[in-house]
Amino acid sequence: MKRIVTIAAASFMASPAFAASGPFFSLKNTDFVVLLGFIVFIGVLLYFKVPSMLTGLLDKRAEGIKSEIEEAKALREEAQALLASYERRQREVQEQADRIIAHAKDEAVLAGEQARADLEKSIARRLAAAEDQIASAQASAVKDVRDRAIAVAIKAARDVVAKQMTAKDAAKSIDNAIAEVGQKLH
């Protein structure tokens, strides 16, 4: 314990101003001793070629960084080429899509025109069929009216003839009719 106290007291008493007293080139001068230690340290570093090892390590690190930069540049160029390829493909696909859309629009217009023409033909056929049915119905109605008129006229003529004709006139008329039929058949 006494020893610790002595060392502590000596350290409080020794100050830098007292340590560097005396001639400079003396081993008792701390500045000179520090200078000698620094020179020896530098000498040891030079003897073991530490600076060349450090420069070698730094050169290796620089080469590594340089190769990483070159690799990054190569990757960047590859990425740019790939991007340009994708952009070119996108333009091609967009152009193809535009062509498909234009073609589909043209086909839709043509299909619309064809449907319109087919509809007009169908309407014309239906109108013609309706007109034919109307004409047929008119002809049938006219025939029915004529037949009915003939039937009414025959009935009226029969009634008139029956009232005005006597039995003798009826027999004479029948004989004339038979003779006429006989002449036409021969």
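Residues numbered from 1 in each chain as written. Predicted model: local features only at pLDDT ≥ 70, side-chain atom pairs only at ≥ 80, totals over all residues. Heavy atoms only, no water.

**Quick word on the overall build of the protein**
Consideration 1: Within the protein one finds five helices and zero strands.
Consideration 2: Listed by position from the N terminus, the elements making up the protein come as α-α-α-α-α.
Consideration 3: A total of 186 residues make up the protein; the buried ones form 3% of that total.
Consideration 4: Accessible surface, the protein as shown: approximately 16900 Å² in total, 65% of it carbon and sulfur. (Helix = DSSP H or I, 4+ residues; strand = E, 2+ residues; numbered from the N terminus. Buried < 20%, exposed > 50% of the residue type's maximum accessible area, 1.4 Å probe, protein only. Areas by Shrake-Rupley, 256 points an atom, 1.4 Å probe, with all protein chains shown as cover.)

**What to know about the pattern of salt bridges**
Consideration 1: Applying the stated criterion across every chain, the model contains one salt bridge.
Consideration 2: For D147, the salt bridge is made with K143, and the minimal N-O distance between the two is 3.5 Å. Of this pair, D147 and K143 are both found in helix α4 (residues 50-164), four residues apart, which corresponds to roughly one turn of the helix.
Consideration 3: With relative accessibility at 51%, the residue K143 sits in the exposed group. (Salt bridge = Lys/Arg side-chain N within 4 Å of Asp/Glu carboxyl O.)

**Some thoughts on the environment of P51**
Consideration 1: Assignment of secondary structure puts P51 in helix α4.
Consideration 2: Note on P51: relative accessible area 36%, which makes it partly exposed.
Consideration 3: Discounting chain neighbours no more than four positions away, the residues touching P51 are L45 and L46. (Contact = heavy atoms within 4.5 Å.)

**Points about a nonpolar patch on the surface**
Consideration 1: Together, F24, F25, L35, F38, I39, F41, I42 and L46 give the surface a local cluster of nonpolar side chains, amounting to about 840 Å² of exposed area.
Consideration 2: Along the chain, the position of I39 falls in helix α3 (residues 30-47).
Consideration 3: Look at I39 and you get partly exposed, because its relative accessible area is 49%. (Patch = residues over 30% accessible without salt bridge, like charges linked within 9 Å, V, L, I, M, F, W, Y side chains within 5 Å.)

**Side note on the confidence of the model for the protein**
Consideration 1: Within the protein, residue pLDDT values average 85, and 88% of them lie at 70 or more.
Consideration 2: Per-element confidence in the protein is highest for α3, whose mean pLDDT is 93, and lowest for helix α2 (residues 16-19), whose mean pLDDT is 52. (pLDDT = per-residue confidence, 0-100.)

**Remarks on unusual backbone geometry**
Consideration 1: In the Ramachandran plot, K49 falls in the positive-phi region, its phi being about 55° despite a non-glycine side chain.
Consideration 2: Of note, K49 is situated in the loop between α3 and α4.
Consideration 3: Overall, the relative accessible area of 55% leaves K49 in the exposed class.

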